Amino acid sequence: MNLAPADIKKEGPIYDLPIMVSLLKLSGQLRTDISSCAFIGELSLSGEVRGVNGVLPMVIKARECGIRKIYVPYPNSAEAAVVSGIEIYPVRNIVELVDILNNPIGVMPASPQPKSTADSGAFIPDFSQVKGQFEAKRALEIAAAGGHNILLIGPPGSGKSMLAKRVPSILPDMTFEEMIKTTKIHSIAGTLHSDGLVSARPFRSPHHTVTAVGLGGGGSGMIRPGEVSLAHNGVLFLDELPEFSRSVLEVLRQPIEDGSITISRSGQNCTYPCSIMVVAAMNPCPCGYFGDSTHRCTCSDVKIKRYLNRISGPLLDRFDIHVEVPPVKFDELRSTEQTETSAEIKKRVNAAREIQHERFKGTGTLCNARINAEQFQTACKIDSTAERTLKNAFESLGLTARAYDRVLKVARTIADLEQSEIIRSEHVLEAVQYRSLDRKYWSSGGIQGS
């Protein structure tokens, strides 16, 4: 029995089945050639083959190594069957495996199941249920269309969390490549509850008591993906943003920018993807009513400054869109006027994403939020009037280079929603509008430019 290379740590139950198969082959109980086969699974004392984590990436790697047949636990068969170019044989116990190997005639490999998730029928709140908040809904539509990070600021009860929880209902449909990559992460983490691919974009909402390891990933044994990776190709929602530990929030800075996170432990190094849309919500002060015309704020200037300073300037700068969520007026709550459904908004979001897929085909860029420096000139075509508008905003607001890039990316998404190839002045003006709240709140809080 050889577990080379010896310098790579082996742990977990995935080696049970291949070790048993090797013993059966050496003892003469298996008569077939297994040189082009691979085996994955945990064995119980009764001989039952139990499911394991990480089957999908292992099957993909086996195919790359020239393996033609792979035998997996029955609970993992739907997950493994999505990989084409390799035959998947599910087994329930070691006796069944021996029978299949010794008498393969008539045994058919597993077929891929329809793309669905176990929670596909779960109730998702709809934007048609939201009264008022038209500016916030517009901002969330833009964020979903371009994959932009968005920060919602407003008093308690104004609907920040309610709006954020409706974001999954307008997210664009996943491509097959996105499904595969997302399913691989959830397979490794052991959070895959579906019969096949993850076809709905993840929506992760960790509590503010989450640790840096829980958010970024790690662990004492195997390096496991954290919340930022489990939200890959989906949304990471951070409610009550200033209540998160500052050291935990700083974990986000590099992954938000790079779309991946590298975790280093003693003798181990692992990189997980985390191309995410961050949606965050927060009150403007500890009591929640700073700047509210209907409630009196009871916080001192020192308390407000300390509260806002929990969000560092560099992290704040990574939010493409800042939007204020004011209290809903009584007349809006009692209004019987029909508002847009999530399905109607999603049609526009899907149309904008389709434009982006065509624009960035073959480049690895999936949305406007991920435009790199080389793509700016070709992707963000802007007319002369819009360029003057952008210049005036940059100089008058004192935008950083990162903020300039993000304003232009948001303007590109607004133009895509209007099916416009050229970014016009009105697109820039709307994008700049979403960068003003940091001046309203943080300019007095003292972290501007920190």
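Bear in mind the structure is a predicted one, so any value in this text is a computation, not a measurement. (Residues numbered from 1 in each chain as written. Predicted model: local features only at pLDDT ≥ 70, side-chain atom pairs only at ≥ 80, totals over all residues. Heavy atoms only, no water.)

### A word on the sheet that holds strand S4 (residues 69-73)
Applied cut-off: Two strands qualify as a pair provided that DSSP identifies no fewer than 2 bridges between them. Strands here are runs of E lasting at least two residues and helices are runs of H or I lasting at least four, both read from the DSSP assignment and numbered beginning at the N terminus. Between N-to-C directions, angles cover 0 to 180 degrees, with each direction set by a line fitted to C-alpha atoms, over the stretch in contact for helices.
Spatial ordering of the open sheet is given by S1-S4-S5, a layout of 3 strands whose pairing is parallel. Where the open sheet ends on each side, the last strands, each with one partner, are strand S1 (37-39) and strand S5 (87-91). Neighbouring strand axes in the sheet, compared pairwise and without regard to direction, differ in orientation by 25° on average. Where S1 meets S4, 3 bridges bridge the pair, whose relative direction is parallel. Opposite Cys-37, over in S4, you have Lys-69 as the bridge partner.

### A short note on the pattern of salt bridges
Rule in force here: A side-chain nitrogen of Lys or Arg and a carboxyl oxygen of Asp or Glu constitute a salt bridge if their distance falls within 4 Å. Here the term buried applies to any residue with accessible area under 20% of the maximum for its type, exposed to any over 50%, and partly exposed to those in between, with areas from a 1.4 Å probe on protein chains only.
Tallied over the entire structure, the rule returns 24 salt bridges. A salt bridge links Lys-61 to Glu-64; the shortest N-O distance between them is 3.7 Å. Residue Lys-61 and its partner Glu-64 are both found in helix H2 (residues 55-64); the two are separated by 3 residues, about one turn of the helix. On the basis of relative accessible area, Lys-61 is assigned to the partly exposed category, the value being 49%. In this structure, the salt-bridge partner of Asp-317 is Arg-435, at a minimum N-O distance of 2.8 Å. In this pair, Asp-317 is assigned in helix H13 (residues 313-317) and Arg-435 in the loop between helix H19 (425-433) and helix H20 (437-445), connecting sequence segments 118 residues apart. Just as Asp-317 is buried, Arg-435 falls in that class too. Via salt bridges that share partners, Glu-257, Asp-317, Arg-318, Asp-320, Arg-402, Arg-406 and Arg-435 belong to a single interconnected network.

### A word on the layout of surface pockets
What counts here: Buried and open spaces are told apart on a 1 Å grid over the protein atoms alone, a cavity being a set of points where a 1.4 Å probe fits but cannot get out and a pocket being an open set with protein on both sides within 12 Å along at least five of seven lines. Residues with an atom within 4 Å of a point are the lining residues. Grid points are joined across faces, edges and corners, and a volume is the space filled by probe spheres set on the points.
In this structure, the largest pocket spans a volume of roughly 1600 Å³. Around the largest pocket sit 43 residues that line it, and Lys-9, Ile-14, Tyr-15, Met-58 and Met-222 are the ones nearest its centre. Those elements that provide at least two residues to the lining of the largest pocket are helix H1 (16-26), S1, H2, helix H7 (176-189) and strand S12 (268-273). Looking at which element gives the most residues to the lining of the largest pocket, the answer is S12, with 6 residues.

### Thoughts on the packing of H1 against helix H4 (residues 94-102)
Here is the rule: An angle below 35 degrees is treated as roughly parallel, one above 145 as roughly antiparallel, one from 65 to 115 as roughly perpendicular, and anything else as oblique. Crossing handedness is read from the near helix: turned anticlockwise from the far helix by less than a right angle, it gives a left-handed crossing, and turned clockwise, a right-handed one. Note on contacts: a residue pair qualifies if any of its non-hydrogen atoms lie within 4.5 Å across the two residues. Amino acids outside the nonpolar list (Ala, Val, Leu, Ile, Met, Phe, Trp, Tyr, Cys, Pro) and the charged list (Asp, Glu, Lys, Arg) are all regarded as polar, and Gly is one of them.
Two elements in contact, H1 and H4, have axes whose closest approach is 12 Å; the angle formed by their N-to-C orientations is 55°. With respect to their mutual orientation, H1 and H4 come out oblique. The chirality of how H1 crosses H4 is right-handed. Counted together, Leu-17, Met-20, Val-21 and Leu-24 of H1 and Ile-94, Leu-97 and Val-98 of H4 form the full contact between these two elements. Partitioned by chemical class, the residues of the contact of H1 with H4 number 7 nonpolar, no polar and no charged.

### As for the confidence of the model for the protein
Quick note on the threshold: Confidence scores labelled pLDDT are given residue by residue by the predictor and lie between 0 and 100.
The predicted model of the protein averages 89 in pLDDT, with 95% of residues at 70 or higher. Between residues 117-121, whose pLDDT stays under 50, and residues either more than four places distant or in other chains, the model counts 7 contacts. Taken as a whole, residues 444-450 scores under 50 in pLDDT and shows 15 contacts with residues more than four places along the chain or in a different chain.

### Here we look at the pairing of strand S6 (residues 150-153)
Side chains Ile-150 and Leu-152 of S6 all project onto a buried face; the interleaved residues Leu-151 and Ile-153 project onto the opposite face, where all are buried too. Looking at chain direction, S6 and strand S13 (residues 277-282) are connected through 4 bridges and run parallel. Note on S13: the bridge partner recorded for Leu-152 is Ala-281. Pairing geometry for S6 and strand S14 (residues 321-324), over 4 bridges, is parallel. Note that in S14 the partner of Ile-153 across the bridge is Glu-324.

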